[in-house]
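Residues per chain, in single letters:
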Amino acid sequence: MVDTVVLAGGDALTEDRIDPSLDLYAEIERLRRERNAVILAHYYQDGEIQDLADFVGDSLDLSRKAAATDADVIVFCGVRFMGEVAKIVSPQKTVLIPDAEAGCSLEDSCQPEPFRRFREQHPDHLAVTYINCSAEVKALSDVIVTSSNAEAILAQLPPDRPVLFAPDRHLGAYLQKKSGRPMTLWPGSCIVHEQFSERELVKLKVRHPTAKIAAHPECPEGILRHSDHVGSTRSILEFVLASPAQEFIIATEAHIIHQMEKAAPHKTFIAAAGMDGSCDCARCPFMAKNTLEKIYLCLVNGAPRIELPEDLRLAALKPLQKMLEMSVNVNVPPAAP
Ligand code: 13P
Ligand code: SF4
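Residues numbered from 1 in each chain as written. Chains lettered and ligands numbered in written order. Predicted model: local features only at pLDDT ≥ 70, side-chain atom pairs only at ≥ 80, totals over all residues. Heavy atoms only, no water.

### Notes on the site of ligand 1
In the region of ligand 1, the neighbouring residues are His42, Tyr44, Asp58, Ser59, Met82, Tyr130, Asn132, Ser147, His216, Glu218, Ser232 and Thr233. Side-chain polar atom of histidine 216 to an oxygen atom of ligand 1: 2.7 Å apart, as the coordinates give it. Relative to its free-state accessible area of 300 Å², ligand 1 is covered by the protein chains to the extent of 96%. The class makeup of the residues in the shell around ligand 1 is three nonpolar, seven polar and two charged. (Near = heavy atom within 4 Å. Polar contact = N/O pair within 3.5 Å; in protein donor to acceptor, adjacent residues only side chain to side chain. Areas by Shrake-Rupley, 256 points an atom, 1.4 Å probe, with all protein chains shown as cover. Nonpolar A, V, L, I, M, F, W, Y, C, P; charged D, E, K, R; others polar.)

Below, the structure written as structure tokens:
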């Protein structure tokens, strides 16, 4: 695997040496201005990180922001593959990530060499790959998709070409069902979405009979079949805000509820639960690695920083650019009033 993260040097400021009396919010604000930095955050980030970000969005929104920003520095509060996407589409920018260890179970499940062999075993297939993968796997793919543009992109592919879909088998199965297009699926999954329990969901629905269920397509079919809405994080947010219902069961990483409670404080949002009935399983341990302290440190140290060999960047850019071109009309945020 190519290492795409440059760590801070030995003389860098470390967490144990941060002055405890420091106002971290003010310091991050000062550094953001000094460095001409933009802070991008995914909906799965802790509420305090979402609140200080310049922009919060789903994977497609964030890739578009990273491609369009005129800031010199992008601080990407999400997971590593998201920082890689920002660097691939905006190579002239410095891309910082608060924690180099913020990976993703989907990325881990699909290593470049086995994926290369998978492609070689299916030479006539198009490789449609979910954005939750490494830059190397992107470089081996024909087109990248996110959960918000996958259906639209699949519909534009030649109908006679067979398709490989990696790495999320649940999203792949959902897309197969929606599009009616058979696909050969890579057997990966997200450790967060896979843990939701159908039995616990049914119990919750019995206790909250008027609640609408909104789920991410990374969930297994047993969750999706009960859902009133299935879609990307932003589409889940839009669904709960537009719906006249007052109660919602949310089957995705629970930090998105922060945005829901801010935008609709009169509505009730219940996190879907895992096998043992607790809702802690709805927390992504990778996303949780980012903290206010680490955002401050990455701005001070200029690291952890994403750097990719140029040949890898160009190879990964091709299918990502295709994604951006094939989804220009998809999930465009409403214009500001
Ligand atoms: P979206 O924000 O595109 O729905 O992706 C969800 C996710 O799992 C990101 O890791
Ligand atoms: Fe990866 Fe799942 Fe975490 Fe998203 S929620 S970053 S898919 S492990």
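### Here's the deal with the side chain of aspartate 168
By the secondary structure assignment, aspartate 168 is in the loop between β8 (163–166) and α9 (169–179). Summary of buried charges: aspartate 168 has no salt-bridge partner, and the nearest side chain of opposite charge, arginine 169, is 6.2 Å away. Non-local contacts of aspartate 168, meaning those with residues more than four positions away in its chain, are made with Leu106, Tyr130, Trp186, Gly188, Ser189 and Glu218. (Helix = DSSP H or I, 4+ residues; strand = E, 2+ residues; numbered from the N terminus. Buried < 20%, exposed > 50% of the residue type's maximum accessible area, 1.4 Å probe, protein only. Lys, Arg positive; Asp, Glu negative; His and termini not counted. Salt bridge = Lys/Arg side-chain N within 4 Å of Asp/Glu carboxyl O. Contact = heavy atoms within 4.5 Å.)

### Some words on the site of ligand 2
In the neighbourhood of ligand 2, the contacting residues comprise Tyr44, Val79, Cys104, Ser105, Leu106, Asn132, Cys190, Val192, Glu218, Cys284, Phe286 and Met287. Of the residues in the shell around ligand 2, the class split is nine nonpolar, two polar and one charged.

### Some points on the sheet that holds strand β9 (residues 183–185)
Here we have four strands laid out as an open sheet, ordered β7-β6-β8-β9, and parallel in their pairing. The open sheet is flanked by β7 (143–145) and β9, the only strands paired with a single partner. Going across the sheet, the axis of each strand differs from the next one's by a mean of 30 degrees, ignoring polarity. As paired elements, strand β6 (residues 126–130) and β7 share three bridges and run parallel to each other. Looking at the pairing, tyrosine 130 lines up with valine 145 of β7. Those strands touched by α9 are β6, β8 and β9, and its axis lies near 165 degrees from that of β9. (Pairing = 2+ DSSP bridges. Axes fitted to C-alpha atoms, helices over the stretch in contact; angles between N-to-C directions.)

### Regarding helix α1 (residues 24–34)
Every buried residue of α1 is listed here: Leu24, Glu27, Ile28, Leu31 and Arg32. One face of α1 carries all of its buried residues, which in axial projection span an arc of 135 degrees. In α1, the exposed positions that point more than 90 degrees away from the buried face belong to Arg33 and Glu34. For α1, the secondary structure elements touched by its buried residues are β2 (37–42), α2 (47–52) and α14 (292–301). For α1, the N-terminal cap is aspartate 23; the gap from its side-chain oxygen to the backbone nitrogen of tyrosine 25 is 3.1 Å. Positive phi appears at asparagine 36, one or two residues downstream of α1, with a value of about 50 degrees. (Arc of directions from axis to C-beta.)

### Comments concerning the packing of aromatic side chains
On inspection of all chains with the given rule, the structure shows five aromatic pairs. In textbook terms, an aromatic cluster arises when at least three aromatic residues are bridged by ring pairs, as seen for Phe115, Phe118 and Trp186. (Phe/Tyr/Trp six-rings, centres within 6.5 Å; stacked < 30°, edge-to-face > 60°.)

### Description of the nonpolar core
If you look at the biggest cluster of nonpolar residues, it comprises 108 residues, and the most contacted ones within it are Val75, Ile250 and Met260. Residues within four places of valine 75 in sequence aside, it is in contact with Val38, Ile39, Leu40, Leu96, Ile295, Cys298 and Leu299. In terms of nonpolar packing, the next biggest core, distinct from the first, is built from 10 residues, Phe118, Ala127, Leu140 and Leu164 among them. (Core = buried A, V, L, I, M, F, W, Y, C linked by side-chain atoms within 4.5 Å.)

Honestly, it's all geometry; don't read function into it.
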